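This is what each chain is made of:
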Amino acid sequence: MGTRIYGASDDLIEFEGDVGGEVGHYGTDEGEQGSLLVCSDGTLLEAKYGKGGAGIWELKLIKKGSLFDKIDPCVDEEATPYSDVAIFHDGLKWAYAAREWEKVH
């Protein structure tokens, strides 16, 4: 089945497919940190609303895991969804979202 991850509204991150559900996140300031998404295959993504100052969700790949396929970019606020979409191959078991996180060097 695979999994798709994308933003919806201005405060939700949606998961569809092998992993399903949604988590709340809100933050549009350029300096504000997005949510860190940690997936069972080792993929790390940052999700943030307000891509380029527009009403678009941005997903940034931090680390590619074994089931990660691609990110379909979005540039149109009127698109459905108005979000970049992360796409995974079959087999994802779980995903976690962290609102506050910091890279430890």
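Scroll up to find the structure this text is about.
Calculation criteria
Residues numbered from 1 in each chain as written. Predicted model: local features only at pLDDT ≥ 70, side-chain atom pairs only at ≥ 80, totals over all residues. Heavy atoms only, no water. Pairing = 2+ DSSP bridges. Helix = DSSP H or I, 4+ residues; strand = E, 2+ residues; numbered from the N terminus. Axes fitted to C-alpha atoms, helices over the stretch in contact; angles between N-to-C directions. Buried < 20%, exposed > 50% of the residue type's maximum accessible area, 1.4 Å probe, protein only.

Caption draft 1: View of the sheet that holds strand E9 (residues 95-98). Pairing in this open sheet of 4 strands is antiparallel, and the strands run E6-E5-E4-E9 from one edge to the other. In this open sheet, the two strands that pair with only one neighbour each are strand E6 (57-63) and E9. Averaged over all pairs of adjacent strands, the angle between strand axes in this sheet comes to 25°, irrespective of strand direction. Both strand E5 (residues 44-49) and E6 contribute to a ladder of 6 bridges, which runs antiparallel. Among the inter-strand pairings, Tyr49 is bridged to a residue of E6, identified as Trp57.

Caption draft 2: Structural detail: the sheet that holds strand E1 (residues 3-8). Within the open sheet, the 5 strands sit side by side as E3-E2-E1-E8-E7. Their pairing is antiparallel. Pairing within the sheet leaves two strands with one partner each, and these edge strands are strand E3 (21-24) and strand E7 (68-72). Across the sheet, the axes of successive neighbouring strands diverge by a mean angle of 15°, strand direction being ignored. Bridge analysis of strand E2 (residues 12-17) against E3 gives 4 bridges, and the strand direction is antiparallel. Residue Phe15 lies in a different strand from E3, and its bridge partner there is Gly21.

Caption draft 3: Local environment of the pairing of strand E8 (residues 85-88). Burial along E8 is two-sided: the residues Val85 and Ile87 and Ala86 and Phe88 are all buried. Where E1 meets E8, 4 bridges bridge the pair, whose relative direction is antiparallel. What sits directly across from Arg4, in E8, is Ile87. Pairing between E7 and E8: 4 bridges, direction antiparallel. Considered in E8, the bridge of Asp72 is made with Val85.

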